[in-house]
Amino acid sequence: MTTTTPPVTLDDVRSAAARIKGVAHRTPVLRSRTLDALVGAEVFLKCENHQRVGAFKFRGAYNAASRLTPRQLARGIAAYSSGNHAQAVALAARELGTTAVIVMPEDAPPSKRDATAGYGAEIVTYDRYTGDRAAIAEALAAERGLTLIPPYEHPHVIAGQGTAALELVEDTGRLDALVAPVGGGGLIAGSATAVKGLHPGTLVIGVEPEAGDDTRRSLEAGRRVTVPVPRTIADGQALPTPGELTFSLNRRLLDGIVLVSDDEIRDAMRFAFERLKTVLEPSGATPLAALLSGRIDAPPRRVGVILSGGNVDAARFAELCGAPR
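Just so we're clear, the structure is a prediction, and the values are computed from it rather than from any experiment.

How each quantity is defined
The residue numbers shown here count from 1 along each chain, following its written sequence. Reporting of local features is limited, given that this is a predicted model, to residues whose pLDDT is at least 70; pairs of side-chain atoms are given and counted only at 80 or more, and all residues count toward the totals for whole chains, interfaces and linings. For side-chain calculations, the full set of non-hydrogen atoms in the structure is used, while hydrogens and water are omitted. Numbering of helices and strands starts at the N terminus; helices are DSSP runs of H or I of at least 4 residues and strands are runs of E of at least 2. Two things to know: the radius of gyration comes from C-alpha atoms, and the globule rule equals 2.2 Å times the number of residues to the power 0.38. Burial status follows relative accessibility: with a 1.4 Å probe on protein chains alone, a residue under 20% of its type maximum counts as buried, one over 50% as exposed, and anything between as partly exposed. Any two residues having at least one pair of non-hydrogen atoms within 4.5 Å are treated as being in contact. Using a 1.4 Å probe, the Shrake-Rupley method yields the accessible areas, and only the shown protein chains count as cover for residues. Under this rule, positive means Lys or Arg and negative means Asp or Glu; His and the chain ends count for nothing. Each charge is placed at NZ for Lys, CZ for Arg, CG for Asp and CD for Glu. Any two strands with at least two DSSP-identified bridges between them are counted as paired. By definition, the crossover connecting two strands over a helix is right-handed if that path, from the first strand to the second, turns clockwise as seen with the strands pointing away from the viewer. Note on terminology: disulfide denotes any pair of cysteine sulfur atoms within 2.5 Å.

Draft legend 1. Up close: the overall build of the chain. Summing up its helical and strand segments, the chain has 14 helices and ten strands in all. Relative to the 2.2 N^0.38 estimate, which gives 20 Å for 325 residues, the radius of gyration of the chain is 18 Å and therefore close to what a compact globule would have. In terms of overall dimensions, the chain has C-alpha extents of about 55 × 55 × 40 Å along its principal axes. For the chain, the proportion of its 325 residues judged to be buried stands at 58%. Taking as baseline every contact in the chain between residues at least 6 positions apart, the subset at least 24 positions apart corresponds to 72%. Total accessible area computed for the chain in this model is approximately 13,000 Å², and 49% of it derives from carbon and sulfur atoms. Of note, the chain has its 37 positive side-chain charges centred 5 Å away from the centre of its 36 negative side-chain charges.

Quick look at the structure:
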């Protein structure tokens, strides 16, 4: 009997952790007695909103970019993203002394677009509802001789994202469950690789917005399913199809997907601000929303949660959370 080595392993995540050490932040783990009481479990919040660029994406972007050859770095990097991966690649390129060209949707949050430009990247825009961002970026990279670093369809990106969960387990000990947002699937694929590599019995539960349940549908169908481009406040999860590489990992590693509404996301953002004194963007709040809204039945005793990002400007935050429902 032969076994196939998965495209990303625990050793890959550990290698990524060594590579990003001292460059990426080791983000804090937040506790709240109020949250524990509401959920009925011990909850450990991994605050990737305190990561460089304000999101977990810097981990994977730097791990991948730092492995490029001197020749590749001299020519530059290309990427496509609605915001957080864009900022991450732009900063990684600056750290490594190269340039970046980022394909971003026209309706990307202005704060994310401005931050990406602020790190020195060139921005090329497209219409997310009619354009194919991957095709645009691939054509641009081929034309200019750039190396493309996709937001999740890359083993070094996935391994880098998994370092968030690796740190969480190192800091808290064994977890009964890990809850994380699902967009393209890179964060949860890397996280599941890390936690199940350490403790195979840990449950890994993904969270998607109700309007963008492509991974849930794909897992149920046993194949990648495409949904209409989601219209949700969780812009970082507004993807129509899970990644091919990430889905190959997630269909083997995930124990389930739960869905949250935009209103539940708003409530979680407000709770984090008022009770935890921390700011989350909508995508970063979805796993907290799943716990607070009871979408996860009978949570296990020790639950880790990855708060994936906090990139939301003051005006947008006030618009979303200014008045309770």
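The structure having been displayed, the exposition proceeds.
Draft legend 2. Spotlight on the environment of Ala 268. Mapped onto the secondary structure, Ala 268 falls in helix α12 (residues 262-275). Measuring from C-alpha to C-alpha, the distance between Ala 268 and Glu 122 comes to 34 Å, with 146 residues separating the pair along the chain. Not counting residues up to four positions away in its chain, the partners in contact with Ala 268 are Ala 285, Leu 288, Ala 289 and Leu 292.

Draft legend 3. Fine view of the pairing of strand β8 (residues 203-209). With six of its seven residues buried, β8 lies for the most part within the structure. In this structure, strand β7 (residues 177-181) lies alongside β8, joined through five bridges in parallel fashion. In the strand pairing of β8, Ala 177 is matched with Leu 203. Each parallel crossover has a hand, and for β7 linked through helix α9 (residues 186-198) to β8 it is right-handed.

Draft legend 4. A look at the sheet that holds strand β1 (residues 29-30). Taken in spatial order, the six strands of this open sheet run β1-β2-β10-β7-β8-β9, and their pairing is mixed. Only two strands of the sheet have a single neighbouring strand rather than two, namely β1 and β9 (256-260). As defined by bridge partners, β8 adjoins β9 across five bridges and the pair is classed as parallel. If you follow Gly 206 over to β9, its bridge partner there is Ile 257.

Draft legend 5. Structural detail: the environment of Thr 130. Take Thr 130: it is sitting in the loop between β5 (122-126) and α7 (133-144). For Thr 130, a relative accessible area of 68% translates into the label exposed. For the pair Thr 130 and Gly 201, spaced 71 residues apart in sequence, the C-alpha separation works out to 42 Å.

Draft legend 6. The state of the cysteines, seen in detail. Summed over the entire model, instances satisfying the criterion amount to zero disulfides. Counting only cysteine sulfurs, Cys 321 is the nearest neighbor of Cys 47, a cysteine outside any disulfide, at a range of 17 Å.

Everything listed is a geometric property; what it means functionally is a separate question.
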